[in-house]
Structures are given as structure tokens and as C-alpha cells.
Amino acid sequence: MFVCTDTEPETDESQLPDIDVWVAENDAAGRRLQGNVLASPAAATTVRVRGGELLLSDGPFAETKEVIVGYDILECADLDEAIEVARAHPMAWSGRVELRPFA
């Protein structure tokens, strides 16, 4: 589960879920296997190799207003359960949450 910012967040923050409660509930249920906040995009280094030459860029390569700010590895029975877990995450309200299975 990628946790991302959004250019159109929920404006009523009074109903925003508490991240500490979300983490505690999903850790206790065994659904959240790992998670962490990422450093600012300004701390990123993008690595590419083109024609055998190493190319390094400061910051994220993608030019977008939305950025990935964290991640959680979930173990859910199916996509429906993952959606229920994600919809309760505060960043689903003030950002975006992208669900993606391991390949």
C-alpha cells in the first residue's frame, strides 16, 4: 500500500482518522506487516543507466505534485479486505492510498 499526497485533500479534517489508532488496530489484527514514513522527496536520488552511463538526479524523477510519503505492507484475505483497511487510513482522506499486490 503506497501512501501518497494529493492536490485535492478532504477539507473537513474533523473526521480524519487517527493514524496511531489505524496502526495499532492493523498491527494487532496481523494485517499490517511493515510500514514506514519516507523522507522528503528532496532527499531522493534517482538512479538511471542509459547507454551504459550512470545518470543520477537529485529528487524524484517523476515531475508530479503528488508524491509517495510512506508505505505499508498488508496481508489481507482479498482485495475487498485491503480496501476496507485502506479506506480507514488517514491519508485516504487527506491524500491517496494505492493498493498493489506483490508480483
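Residues numbered from 1 in each chain as written. Predicted model: local features only at pLDDT ≥ 70, side-chain atom pairs only at ≥ 80, totals over all residues. Heavy atoms only, no water.

1. Observations concerning the sheet that holds strand 5 (residues 68-74)
For the record, the criterion: Between any two strands, at least two bridges found by DSSP are needed for them to pair. Helix and strand definitions here come from DSSP, where helices need a minimum of 4 consecutive H or I residues and strands a minimum of 2 consecutive E residues; each element is numbered from the N-terminal end. To get an axis, fit a line to the C-alpha atoms, keeping to the stretch in contact for a helix; angles then go from 0 to 180 degrees between the N-to-C directions. The contact criterion used throughout is that any non-hydrogen atoms of two residues lie within 4.5 Å.
The strand order across the open sheet formed by four strands is 2-5-1-6, and the pairing between neighbours is antiparallel. Of all strands in the sheet, those with a lone pairing partner are strand 2 (32-37) and strand 6 (96-98), marking the two edges. In this sheet, neighbouring strand axes are inclined to one another by 20° on average, regardless of whether the strands run parallel or antiparallel. Pairing between strand 1 (residues 2-4) and strand 5: three bridges, direction antiparallel. Bridging from a neighbouring strand, Phe2 pairs with Tyr71 of strand 5. Running over the sheet, helix 1 (residues 19-28) touches strand 2 and strand 5 and is turned about 155° from strand 2.

2. Some points on the nonpolar core
A general trend in soluble globular proteins is that nonpolar side chains are found buried together. We apply this condition: Nonpolar cores were defined as sets of buried Ala, Val, Leu, Ile, Met, Phe, Trp, Tyr and Cys residues, with membership established by side-chain atoms within 4.5 Å. Accessibility here uses a 1.4 Å probe with only protein chains present; expressed as a share of the type maximum, an area under 20% marks a residue as buried, one over 50% as exposed, and anything in between as partly exposed.
By size, the foremost hydrophobic cluster in this structure holds seven residues: Met1, Val3, Trp22, Leu74, Val85, Ala86 and Met91. Leave out the neighbours within four places in its chain, and Val3 touches Val67, Ile68, Val69, Gly70, Tyr71, Asp72, His89, Met91 and Arg96.

3. A word on the layout of surface pockets
Quick note on the threshold: In the cavity and pocket records, a cavity denotes points on a 1 Å grid over the protein atoms alone where a 1.4 Å probe fits but cannot get out, a pocket denotes an open set with protein on both sides within 12 Å along at least 5 of 7 lines, and lining residues are residues with an atom within 4 Å of a point. Grid points are joined across faces, edges and corners, and a volume is the space filled by probe spheres set on the points. For this classification, Asp, Glu, Lys and Arg are treated as charged, while Ala, Val, Leu, Ile, Met, Phe, Trp, Tyr, Cys and Pro are nonpolar and the rest, including Gly, are polar.
Considering only enclosed or pocket space, the largest pocket measures out at about 370 Å³ in volume. The wall of the largest pocket is formed by 16 residues, among which Met1, Leu74, Arg100, Pro101 and Phe102 lie closest to the centre. Counting residues per element, the ones that place at least two in the lining of the largest pocket are strand 5 and helix 2 (79-87). When grouped by side-chain class, the residues that make up the lining of the largest pocket number eleven nonpolar, no polar and five charged. Of the volumes computed, that of the second largest pocket is approximately 170 Å³.

4. Details of a nonpolar patch on the surface
Our working rule: Exposure above 30% relative accessible area and the absence of a salt bridge qualify a residue for a patch, where like charges join within 9 Å and nonpolar side chains (Val, Leu, Ile, Met, Phe, Trp, Tyr) within 5 Å. Values of accessible area rely on a 1.4 Å probe in the Shrake-Rupley scheme; residue burial ignores everything except the protein chains shown. Salt bridge, as used here: a side-chain nitrogen of Lys or Arg that lies within 4 Å of a carboxyl oxygen of Asp or Glu.
Taken together, the side chains of Val47, Val49, Leu54 and Leu56 present a nonpolar region at the surface, about 400 Å² in accessible area. Where the nonpolar patch is concerned, the elements lending two or more residues are strand 3 (45-50) and strand 4 (53-58). Turning to its location among the elements, Val49 is positioned in strand 3.

5. Quick word on the environment of Gly51
The topology assignment puts Gly51 in the loop between strand 3 and strand 4. Separated by 18 residues in the primary sequence, Gly51 and Val69 place their C-alpha atoms 31 Å from one another.

6. Looking at helix 2
Formally: The directions considered for the arc are those from the helix axis to the C-beta atoms. Polar contact is defined as a pair of N or O atoms within 3.5 Å, subject to the rule that within protein one atom must be able to donate a hydrogen and the other to accept it, and that residues adjacent in sequence are counted only when both atoms are side-chain atoms.
The set of residues buried in helix 2 consists of Ala82, Val85 and Ala86. Buried residues of helix 2 fall within an arc of 95° about the axis and therefore sit on the same side. Facing away from the buried side of helix 2, by more than 90 degrees, are the exposed residues Asp80 and Arg87. Where the residues of helix 2 are buried, they touch helix 1, strand 5, helix 3 (90-94) and strand 6. Among the residues of helix 2, the N-terminal cap falls to Asp78, whose side-chain oxygen and the backbone nitrogen of Asp80 are separated by 3.2 Å.

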